[in-house]
Amino acid sequence: QVQLVESGGGLVQPGGSLRLSCVASGSISAANSMAWFRQAPGKERELVAAITSGGTTNYADFVKGRFTISRDNAKNSVYLQMNNLKREETAVYYCNSESSGPHGLYEIWGRGTKVTVTK
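This one's a predicted model, so the numbers in the text were calculated from it and none came from an experiment.

Quick look at the overall build of the protein now. In terms of regular secondary structure, the protein is built from zero helices and eleven strands. C-alpha extents for the protein along the principal axes are approximately 45 × 25 × 25 Å. For the protein, the proportion of its 119 residues judged to be buried stands at 42%. The long-range share in the protein, meaning contacts at least 24 apart out of those at least 6 apart in sequence, stands at 54%. Looking at charge distribution, the protein has the averaged site of its 13 positive side-chain charges lying 7 Å from that of its 9 negative ones.

Structure (structure tokens):
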């Protein structure tokens, strides 16, 4: 089964930028969509951004205009460029893929990369 590995998290000041990467151990070209979720301490996991196999993107309202999701099928990778980060965006960011299989839709999750936004 394909595995997803995130990287690029770390410590950043409010207003700063980070670029997260998600590398798959296999091809992502057949995935229906790739997405980034996040989970802050004490909160539920929430969708940040998604990109379909055709390149259509979807963003949560709270990141529109600041975050950009992209994918490079040749590198089996998905990226999340995050600009103007806010303190409340401190969270573990997870990469997710959704694909169609013989038994229906299935998802794969990475282990996450931690982003801490603080002075």
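Moving on from the model shown.
Our next topic: the packing of aromatic side chains. Taken as a whole and assessed by the stated rule, the structure comprises one aromatic pair. The ring of Tyr79 has Arg19 lying over it, and the distance from NZ or CZ to the ring centre is 4.1 Å. Residue placement shows Arg45 over the ring face of Tyr94; its charged tip is 3.8 Å from the ring centre.

With that settled, consider the pairing of strand β7 (residues 67-72). Of the two faces of β7, the one holding Phe67, Ile69 and Arg71 is buried and the one holding Thr68, Ser70 and Asp72 is not buried anywhere. Alignment of β7 against strand β8 (residues 77-82), held across six bridges, turns out to be antiparallel. Residue pairing for β8: Asp72 is matched across the bridge by Ser77.

Moving on, we come to the pairing of strand β5 (residues 46-52). Across six bridges, the pairing between strand β4 (residues 33-39) and β5 is antiparallel. By the bridge assignment, Ser33 is partnered in β5 with Thr52. Hairpin connection between β4 and β5: a loop of six residues separates the two successive antiparallel strands, and Gly42 in this loop has a positive phi of roughly 75°. Relative to strand β6 (residues 57-59), β5 runs antiparallel, the two being bridged by three bridges. Within β6, the residue paired with Ala49 across the bridge is Tyr59. Counting the residues in the hairpin turn of β5 and β6 gives four residues, including Gly55, whose phi is positive at 95°.

Here is a general trend for soluble globular proteins: nonpolar side chains tend to be buried in one another's company. Among the nonpolar cores identified, the biggest contains 29 residues, and Trp36, Leu80, Met82 and Tyr93 are the most heavily contacted of them. Counting only elements with at least two residues in this core, the list comes to β3 (18-24), β4, β5, β7, β8, β9 (91-101) and β11 (113-117). Dropping the residues within four chain positions of it, Tyr93 is found in contact with Glu6, Leu20, Trp36, Phe37, Arg38, Val48, Phe67, Leu80, Met82, Gly112, Thr113 and Val115.

The four strands are arranged β1-β3-β8-β7 in an open sheet whose pairing can be described as antiparallel. The strands lining the two open edges of the sheet, one partner per strand, are β1 (4-7) and β7. Sheet twist, expressed as the mean angle between neighbouring strand axes with direction ignored, is 15°.

This part covers unusual backbone geometry. Of note in this structure, Asn76 is not a glycine but carries a positive phi near 50°. Structurally, the position occupied by Asn76 is in the loop between β7 and β8.

Definitions and limits used
- Residues numbered from 1 in each chain as written.
- Predicted model: local features only at pLDDT ≥ 70, side-chain atom pairs only at ≥ 80, totals over all residues.
- Heavy atoms only, no water.
- Helix = DSSP H or I, 4+ residues; strand = E, 2+ residues; numbered from the N terminus.
- Buried < 20%, exposed > 50% of the residue type's maximum accessible area, 1.4 Å probe, protein only.
- Contact = heavy atoms within 4.5 Å.
- Lys, Arg positive; Asp, Glu negative; His and termini not counted.
- Charge placed at Lys NZ, Arg CZ, Asp CG, Glu CD.
- Phe/Tyr/Trp six-rings, centres within 6.5 Å; stacked < 30°, edge-to-face > 60°.
- Lys NZ or Arg CZ within 6 Å of the ring centre and 35° of its normal.
- Pairing = 2+ DSSP bridges.
- Core = buried A, V, L, I, M, F, W, Y, C linked by side-chain atoms within 4.5 Å.
- Axes fitted to C-alpha atoms, helices over the stretch in contact; angles between N-to-C directions.

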